[in-house]
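Notes for the structure review
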Amino acid sequence: MRLRLSNRLIISVVFIQAIMLGILVWNSVRQFNDSHAKLLQQYAREKSTLLATFLGPALAANDRATVLDLLGLLHETQNQTYIVIYNHNYQLVGTIGNTQTLHKSTGKVIYRDESFEEAKSDGVIDIKRDIYLAGQLIGTLYVGYPIRQVNELALNTRIQNSIIALIAITLSTIITVLIGLFLTRSLRRLEEGAVALKEGNLAHRIDIDSHDEIGDVARSFNTMAQHLESTQRSLQLEHSALELETRRMETLLNGVNAVVFEATPYDRRFTYVSQEAENLLGYKSEEWLEANFWKLHLHPDDWGWSDHVIKQQMEQRGDFTIDFRMLHHSGDYLWVRSIHSMEEYNGGIISRGLLIDINEQKKTEERIIYLADHDALTGLYNRRRFQEEIDHQIAYARRFEQPGALLFVDLDQFKYINDTFGHQAGDECLLTVSRCLSESLRSIDILGRLGGDEFGVILPHTNAEDAQKVSRHLLEKLGHETLLAQGMTAPISASIGIAVYPDHGITPSELLAKADAAMYAAKRQGRNQYHLYMHDDETLLQMKAKVHWEDKIHRALSDDRFLLQYQPIVDLQTREAIHYEVLLRLEDEDGNYIYPHAFLDTAEHFGLILEIDKWVMRNAIRIQGESVLQGRPLTLAINISGRSFGNSELLKVLRDALVKYNANPENLIFEVTETAALENFTRARSFIESLRSMGCRFALDDFGVGYSSFNYLRNLPVDMIKIDGSFVRNLHLNQFDRIIVKAISDVSDGLAVMTIAEFVENEEIRNLLLDLGIRYGQGYHLAMPDELLADGPIIAAKT
């Protein structure tokens, strides 16, 4: 146990004081003994001198008897150990007492010295005196005096002095300790303060009010302790706040579906990763921090270019994004996006940012890229990509003078399969046909789905004769296929039109048109036939007409010759318009309006229908946005063609137009025919839900003509249905039509779906519709389509 400084100081003082007092006592005893010895010596000398004088007369008379009597008398009365007398001839005259001092051989006295120190050895001090009488030596006297009393006196004196010294030391120690404790109390308090400070007790204060140096030190100590205590509280508060913020950040970082990382780009080494790292690749955070983790887990194909990119980023600094593939613990590679910055740090460069799993995004992008060129159902090339392939093959054939052939394959009775067995059976039929055709063609042949039940086949290095052989072979293969649905079987057959390039055309549209014309010629021959296009075919005029319409549509799109008309949907009771259906028209060179039925089939055949739908959508939304700005917002119904329905490009056009023209999506209704919606039920439902999520409404047009209409209506999220005009036109004449319309009215009411009747041609039909529960209608009897809206004029739509 360590002694305090004040205690050590007191002990040192007491120890020194005891030593000094001991030395003082020892010196006093020694001086006392010396004084007693000197007194004894002086006493012995004086007494010996008197004794010699007393014995002189008897010794001079040589009276031995008197000498002996005197010696006996002296021995009895005096305190001598021994007395020995010699005459002047040094002959023994007489002795008394202890004669051990006489030498055994000579009989003479052994004289040592008169000193007290010599006497200590035998306890006797020896005195020698010559005896003179009248100045003449008459003899010698030897006397021994005992020193026992002196020793006893010295011992008693030492004991007394020791007791006195012990008492003095004790009292001195007590007094010294008390004085020391009093004088060092301030030092002890200082020491206690220092110990408290050492142990972290910053609340301790030294209670010293003196105005000396120690008081100054104590006050300085208290000031320092107070400052440290205040600083500690501040640091504790900051530490608590920092811990809270750290926990929040950790919670935030660990909750983010991304890896927060820090890395040194020069050696591609991670120095920190968040907990999400283990979820991203399946490796623990410690493994991420290993030296070669990046290099060992980066896809080999991404190492070279990514290394070059990172070096460039190190030189440029700033914020960057880079996508690459990394190896998952499962052994698969997944796409990762790094969003990071390059910054200077401690004389070097450090990279900080996020690693995000974009594997699904990349798959989606790859799927989108794939779908841009492929049919979603069959996986074959779609019409756009197929036309590109035709263009390449025509160019190759013209350059190397190698003929090729194009087959236009159209399934027979496909609509019957769809309507009879449902669209799922129709999809199975298309998949069967695509598989059969693929297995029957060469590896260099190109197969694509042109749309609906139409397929195209490019036969490179093939003349007309060989193309007919291939067509005959394909028809035989398809004839062996049957479709099993609902316990019944349906045969599969097709009609094939053949066109040879470059003889029959040097552009994809021209060649497709001629192959299409040849296919229709094959159908007229009785189906399950093939036909080679010939210049003198009766269908030539029809083919030329289609090519002519394709060119006219292209010019209408480029020259903005399309316009919109509007027909109101009317409340049959009040005759007030509730919204307007947007109708497309094409203006020819003479200013005449051409109706859609004249060119839409051609547009679908040549892949132009999507561009027309985009044009209609942009301009109709622009009109709606302008009506909002004019303070008279209109509700418009926009038709979407069956070919474009479900196309993601239309959704993007819709979003962009809503923002650009500040239109209100709640005032937009999109219509598609029931047949188009039910062709791919899953895609239709997804597309409708996308429209409704943006705030738009959806209407099912021509309702009632499709297969199982009521069954599908239950599963489609539509806002309104439009009863097909075939059930309305003769409503006042046909009881069956009235039954159908009444059933539709009851079902739609039960589903809370608005019902609109098309082709309201007279007042009688209007009244019948009201009686059957139909509230809204559209038709020439109610209002004709026009470029003018009831709320005011609307100019022809322009892009």
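Quick caveat, the model's predicted, so the values are computed rather than measured.

A closer look at the sheet that holds strand β7 (residues 318-327)
- Strand order in the open sheet formed by five strands is β6-β5-β9-β8-β7, with antiparallel pairing between adjacent strands. Taken across any chain shown, the strands that pair with only one partner, and hence form the sheet edges, are β6 (269-273) and β7. Between one strand and the next, the sheet's axes are offset by a mean angle of 30°, whatever the strand orientation.
- As defined by bridge partners, strand β5 (residues 259-264) adjoins strand β9 (residues 348-357) across five bridges and the pair is classed as antiparallel. By the bridge assignment for β9, V259 is matched with L355.

A word on the pairing of strand β3 (residues 124-133)
- With ten bridges joining them, β3 and strand β4 (residues 136-146) adopt antiparallel strand pairing. Bridge pairing in β4 places D126 opposite G144.
- Taken together, β3 and the strand that follows it, β4, pair antiparallel across an intervening segment of two residues, in which A134 is found at a positive phi of about 55°.

Topic: the environment of L658
- Secondary-structure assignment places L658 in helix α19 (residues 648-661).
- Sequence-wise, L658 and G625 are 33 residues apart; in three dimensions their C-alpha atoms are separated by 8.0 Å.

Notes on the sheet that holds β3
- On the basis of which strands lie adjacent, the open sheet formed by four strands has the order β2-β1-β4-β3 and antiparallel pairing. Each edge of the open sheet is held by one strand with a lone partner, namely β2 (92-97) and β3. On average, adjacent strands in this sheet sit at an angle of 10° to one another, irrespective of strand direction.

So, the packing of aromatic side chains
- One pass over the structure, following the stated rule, counts 14 aromatic pairs.
- Ring plane angle 45° and centroid distance 4.7 Å describe the contact between Y396 and F400, whose orientation is recorded as tilted. Residue Y396 and its partner F400 are located together in helix α11 (residues 383-400), separated by four residues, close to a single helical turn.
- Look at Y396 and you get partly exposed, because its relative accessible area is 38%.
- Every member of this aromatic cluster is reached through a ring pair, and the members are F261, F270, Y283, W288, F293, W294 and F324.
- When the ring centre of Y345 is taken as origin, the NZ or CZ atom of R352, which lies over that ring, is 5.2 Å away.
- The aromatic ring of F759 is capped on one face by R729, whose charged end is 4.5 Å from the ring centroid.

Focus on helix α12 (residues 414-421)
- Buried residues of α12: F414, I417, N418 and F421, and no others. One side of α12 holds all its buried residues, which, seen down the axis, span an arc of 105°.
- For α12, the elements touching its buried residues are β10 (404-411), α13 (423-440), β13 (482-485) and β14 (488-491).

Focus: a nonpolar patch on the surface
- A contiguous nonpolar patch, built from L155, I159, I163, I167, L171, I175 and I179 and spanning about 630 Å² of accessible area, is present on the exposed surface.
- Positionally, L155 belongs in helix α4 (residues 148-198).

Description of the packing of helix α18 (residues 609-629) against α19
- As a packed pair, α18 and α19 sit with axes 9 Å apart at the nearest point and diverge in direction by 25°. Taken together, α18 and α19 sit at an angle that is classed as roughly parallel. Pair α18 / α19 crosses with right-handed handedness. Of the residues in α19, those in contact with L610, D613, K614, M617, R618, I621, R622 and G625 of α18 are E649, L650, V653, L654, A657, L658 and Y661.

Examining the nonpolar core
- By size, the foremost hydrophobic cluster in this structure holds 72 residues, and its most contacted members are I621, L654, F670 and L769.
- Here the element with the most residues in this core is α18; it accounts for nine residues.
- The residues contacting L769, other than those within four sequence positions of it, are L572, V728, L731, V741, A757, V760 and I774.
- Membership of the second largest hydrophobic core comes to 32 residues, among which are V457, A467, A490 and I498.

Thoughts on the confidence of the model for the protein
- Taken residue by residue, the protein gives an average pLDDT of 82. The fraction at 70 or more is 85%.
- With pLDDT under 50 throughout, residues 102-116 is counted as low confidence; its partners more than four residues away or in other chains account for 44 contacts.
- Across residues 791-799 the pLDDT falls below 50, and counting only partners more than four positions away or on other chains, this stretch makes 27 contacts in the model.

The rules behind each value
- Residues numbered from 1 in each chain as written.
- Predicted model: local features only at pLDDT ≥ 70, side-chain atom pairs only at ≥ 80, totals over all residues.
- Heavy atoms only, no water.
- Pairing = 2+ DSSP bridges.
- Helix = DSSP H or I, 4+ residues; strand = E, 2+ residues; numbered from the N terminus.
- Axes fitted to C-alpha atoms, helices over the stretch in contact; angles between N-to-C directions.
- Phe/Tyr/Trp six-rings, centres within 6.5 Å; stacked < 30°, edge-to-face > 60°.
- Buried < 20%, exposed > 50% of the residue type's maximum accessible area, 1.4 Å probe, protein only.
- Lys NZ or Arg CZ within 6 Å of the ring centre and 35° of its normal.
- Arc of directions from axis to C-beta.
- Contact = heavy atoms within 4.5 Å.
- Patch = residues over 30% accessible without salt bridge, like charges linked within 9 Å, V, L, I, M, F, W, Y side chains within 5 Å.
- Areas by Shrake-Rupley, 256 points an atom, 1.4 Å probe, with all protein chains shown as cover.
- Salt bridge = Lys/Arg side-chain N within 4 Å of Asp/Glu carboxyl O.
- Parallel < 35°, antiparallel > 145°, perpendicular 65-115°, else oblique.
- Left-handed = near helix turned anticlockwise from the far one by under 90°.
- Core = buried A, V, L, I, M, F, W, Y, C linked by side-chain atoms within 4.5 Å.
- pLDDT = per-residue confidence, 0-100.

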